[in-house]
Every structure is written in C-alpha cells, then in structure tokens.
Amino acid sequence: MGFEITIEKSEISRIKNFDPQNIGFGKIFTDHMFLANWDGNEWINPRIVPYGPLSLSPATSAIHYGQSIFEGMKAFKSQKDGKTLLFRPLENCKRLNKSAERMVMPSVPEALFMSGLTTLLTLDEAWIPKTEGGALYIRPYMFATDDFIGVKPSENFIFAIFCCPVGPYYTKALKVKVEDEFSRAAPGGVGFTKCAGNYGAAMYPTQKAQQEGFDQILWTDPVSHQWVEETGTTNLFAVIGNTVVTPSLTNTLLAGITRDSVITGLRHLGYTVEERPLSVQELKDAVVNSTLKEMFITGTAATLISIQGFSHKSEYFEVLDKGNTDTSLAIKTFLDSLRYGNITDPFGWTVVV
Ligand code: COI
C-alpha cells in the first residue's frame, strides 16, 4: 500500500540557532514533524508540517485514559560517506504495533511508518549531529484523539514522528537503587509495551530514589522483589565470571532493541550470554565473591552506560571499584561501529535513508 505524503515546509529553518557542541538531550526539535490520522477505518492525510503545537480537544481521550504509546530510535551520519543511517527501524515498527495491539489501537503499516520516517529525515537531515556520540533521536508515537468522556477504546488516533538532535542521555556511570517497595509492572499488565503510563507511574518511586542520592531505579519483579528486571529507562546486563547475564523477557519487561543487539553482538564477538532470571541475591553474592565484573544498562536513548554500584535495603554494593569495563566497551565499540557505518554490517541492521 503506497502513502502519498503532503509536505508543508517551514518558512525559516531554526537550525542556525542550534549549537552542535551543546546539545543535551530532548530539548531541541528539528524543523518538521510527520502526522497521520486514523479515522476509525484507515490512515488518512499523511503529512509533513512545520514542528509546532497540536490543537486538541480538552476531552482528548489519551489525556484522560492513557491510550498513548511511543517508540525511541536514532539516525546517525555515516562516518564513511556521510549518508543517513537508521538502526533496525523495522523492529521499532513491530514493537509499536505490539504495544498498539495490547492498548486497542490501530496497527501502523510498515510502509506508512517507513515513508513518514524517511521523508522527515530527508527534509531534516542537516540536524543530524556529526559530533562524537551525537545522533538524531526519533520519537514515533500514537495517541487516542476521540473527544469523549467514558472509558472505551478511541475510534480516532494520531500517529506522529518528530526528531531531536541529541548527545548522551547519561554522562557518567550510574548508582541505582534496587526497588523493593514499588512495582513497575505486573504479570498480565502492560509492562512489555511502551505505553506512556508505564513511565508516568515510575516517576514517584524514581524521584524518591533520586532524593536518596541514586540516579535510577533497578526494578524487581512485582511479587517477591527478588528478581531484577530493568531500570527506569533501559534493560540491564551483568558480567558474572565469564558469562554475560541479562534477565529473560517476561510480559513485565520491555524487549529492548538495543538489548537484543547487545546479546546478538556479544555472541558474534565470542562472548557467552545467558538470558535467564537474575536475582538480587546472585548480584550481591557476586559482589562479595568478586565475580561481578561489570554491570551495565542498554537502551536507545541511554545507549550503553556502566552501573557504578547498587543499593539493596540500604546496603550499598560497589561494582565499578576496579574500573572494569572490558565487556561493555567491546560491545559499545562494536555497535557504534555499525551505527556510524564504520564496519560491514553482518546482520543487515543498518538501513540507508
Ligand atoms: C529510549 O531509550 O529511546 C526510550 O524511549 C527511553 C526513554 C525513557 C527515554
């Protein structure tokens, strides 16, 4: 199915105000955005317009009942030939549609997702940072737009994409709090989706952890709080002995695309990786026995960053005291080389726009 995208260009580009040496994360937006409407039957009016406010009814159902999902992905400038590269974009489309199914929202056809994305990137290509570690963060999202009060699935939706040039999300190794009071997700719930509510509900416990001096929460299972799951913004890996361990996917965990890339990449580089339940006790024992060599987190926004240490029930466990980052550095370098087009891609993950 082909989608004809209409384009309304912004009259004046804001790019001259953009300082690539001082980007930060999530505060600067490119000149254009992509929008399409679901009218209850089909996607209509796919269009690119200048980036700016949306006009919505105060009764917009996403605001009241949370039918709202999103994705995070990045575009890079190839360091070899300057072309624009996307990293596994179809995986984001698949995951958006998995979230959509659970939240009773329409599916976005791959052709609409990719044509909206590539048309937008072609227009706003000049915003992709060429600085070390810089990228264009891309936010595809969908939300319910019925103006209706009452809990039922909306009939109308907007699918949209906008972009922000970004630097690092985290700039230093993190101290995390193993959360054993609050829960992020319950079995049978929406933990495996990227729905807005998962993040809103995490803000109170995260703020509490930050007031106690931590950077992030390490979520545990909601029943026993004995099994680690993911952090507030990423998936988690631990290097125990000679094995890299990451919690296996359940319906309470987000199936990170970076997580999958790290697992596949590490195995390609010859590392042993286990996806299995990982308990807080195993991590604590591994610190005490000096077998916990590294802990690191992975996500699109965060890329890959080390965990300095973690606290559990007020006891702090230092992980990075010996400064070991061999495994995380190896996989970070490998994935960055793919993302920036510096090596041949053995997996067919990079897509030239
Ligand atoms: C991403 O990594 O792209 C995300 O969507 C996480 C978000 C909390 C910034």
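What counts as what
Residues numbered from 1 in each chain as written. Predicted model: local features only at pLDDT ≥ 70, side-chain atom pairs only at ≥ 80, totals over all residues. Heavy atoms only, no water. Buried < 20%, exposed > 50% of the residue type's maximum accessible area, 1.4 Å probe, protein only. Helix = DSSP H or I, 4+ residues; strand = E, 2+ residues; numbered from the N terminus. Arc of directions from axis to C-beta. Axes fitted to C-alpha atoms, helices over the stretch in contact; angles between N-to-C directions. Parallel < 35°, antiparallel > 145°, perpendicular 65-115°, else oblique. Contact = heavy atoms within 4.5 Å. Nonpolar A, V, L, I, M, F, W, Y, C, P; charged D, E, K, R; others polar. Left-handed = near helix turned anticlockwise from the far one by under 90°. Near = heavy atom within 4 Å. Polar contact = N/O pair within 3.5 Å; in protein donor to acceptor, adjacent residues only side chain to side chain. Areas by Shrake-Rupley, 256 points an atom, 1.4 Å probe, with all protein chains shown as cover. Domains from an automatic or database assignment. Salt bridge = Lys/Arg side-chain N within 4 Å of Asp/Glu carboxyl O. Buried area = accessible area lost by both parts, 1.4 Å probe. Lys, Arg positive; Asp, Glu negative; His and termini not counted.

A. How the structure looks around helix α7 (residues 280-288). For α7, every residue scored as buried is listed here: Val280, Leu283, Lys284 and Ala286. Around the axis of α7, the buried residues are gathered within 160° of arc, so they sit on the same side. One or two residues past the end of α7 sits Ser290, with phi positive at roughly 60°.

B. Quick look at the packing of helix α6 (residues 257-268) against helix α8 (residues 326-339). It is at 10 Å that the axes of α6 and α8 come closest, and there the two elements cross at 105°. As summarised for this structure, α6 and α8 are arranged roughly perpendicular, according to the angle between their axes. Of the residues in α8, those in contact with Thr258, Ser261, Val262, Gly265, Leu266 and His268 of α6 are Thr327, Ile331, Phe334, Leu335 and Arg339. Across the contact of α6 with α8, the residue classes break down as five nonpolar, five polar and one charged.

C. Structural detail: the packing of helix α2 (residues 89-102) against helix α3 (residues 110-123). For the pair α2 and α3, the least separation of the axes is 10 Å and the interaxial angle reads 130°. As judged from the angle between their axes, α2 and α3 are oblique. Our pair here, α2 against α3, has a crossing hand that is right-handed. Of the residues in α3, those touching α2 at Pro89, Leu90, Asn92, Cys93 and Leu96 are Glu110, Phe113, Met114 and Leu117. Split by residue class, the contact of α2 with α3 holds seven nonpolar, one polar and one charged.

D. The arrangement of the site of the ligand in detail. In the vicinity of the ligand, the contacting residues are Phe70, Gly72, Tyr137, Arg139, Tyr169, Lys194, Tyr199, Thr233, Thr300 and Ala301. Residue Thr300 places a main-chain N or O atom 3.4 Å away from an oxygen atom belonging to the ligand. With respect to the ligand, the backbone of Ala301 contributes an N or O atom lying 2.8 Å from an oxygen atom. Starting from 280 Å² of accessible surface for the ligand in isolation, the protein chains cover 90%. For the shell around the ligand, a count of residues per class yields five nonpolar, three polar and two charged. Counting only domains with at least three residues in the shell around the ligand, you end up with domain 1 (6-168) and domain 2 (174-339).

E. Geometry of the pattern of salt bridges. Summed over the entire model, instances satisfying the criterion amount to 18 salt bridges. Put simply, Glu125 and Lys77 hold a salt bridge, and the shortest N to O gap is 2.7 Å. Of the two residues, Glu125 is situated in the loop between α3 and β7 (135-144) and Lys77 in strand β5 (residues 73-77); the sequence distance between them amounts to 48 residues. Using a relative accessible area of 32% as the deciding quantity, one classes Glu125 as partly exposed. Under the relative-accessibility criterion, Lys77 is labelled buried at 10%. As a salt-bridge pair, Lys313 and Asp180 come within 2.7 Å of each other at their nearest N and O atoms. Pair noted here: Lys313 is in the loop between β16 (303-312) and β17 (315-318) and Asp180 is in the loop between β9 (174-178) and α4 (196-200), with a separation of 133 residues, a long-range link.

F. Broad picture of the domain arrangement of the protein chain. Under the domain assignment, the protein chain is made up of domain 1 (6-168) and domain 2 (174-339). Computed over C-alpha atoms only, the centres of domain 1 and domain 2 are separated by 27 Å. In this assembly, 20 residues from domain 1 lie in contact with 21 residues from domain 2. Buried surface at the junction of domain 1 and domain 2, summed over both partners, amounts to about 1,800 Å²; 64% is from carbon and sulfur atoms. Our enumeration of links across domain 1 and domain 2 arrives at one salt bridge. Taking the shortest distance from any N to any O, the salt bridge between Asp260 and Arg88 comes out at 2.9 Å. The tally of links from domain 1 across to domain 2 stands at nine residue pairs in polar contact (both at pLDDT 80 or more). Looking at the side of domain 1 that touches domain 2, the elements with two or more residues in it are β4 (68-70), β5, β6 (84-87) and α2. Counting residues per element, the side of domain 1 that touches domain 2 draws most heavily on α2, which supplies six residues. Of the residues contributing to the side of domain 1 that touches domain 2, the split by class is nine nonpolar, four polar and seven charged.

G. Here's a closer look at helix α5 (residues 203-211). Inspection of α5 places Pro205, Thr206 and Ala209 among the buried residues, and these make up the whole buried set. Buried residues of α5 fall within an arc of 100° about the axis and therefore sit on the same side. Exposed residues lying more than 90 degrees from the buried face of α5 are Met203, Tyr204 and Gln211. In the core, the buried residues of α5 are packed alongside β9 and β10 (216-220).

H. A look at the side chain of Asp124. Looking at where Asp124 falls in the secondary structure, it is placed in the loop between α3 and β7. Despite its burial, Asp124 remains without a salt bridge, the nearest opposite charge being carried by Arg14 at 6.9 Å. Among the polar contacts listed, one links the side chain of Asp124 to the backbone nitrogen of Asp31, at a separation of 3.4 Å. Other than its neighbours up to four places away in sequence, Asp124 contacts Thr30, Asp31 and His32.

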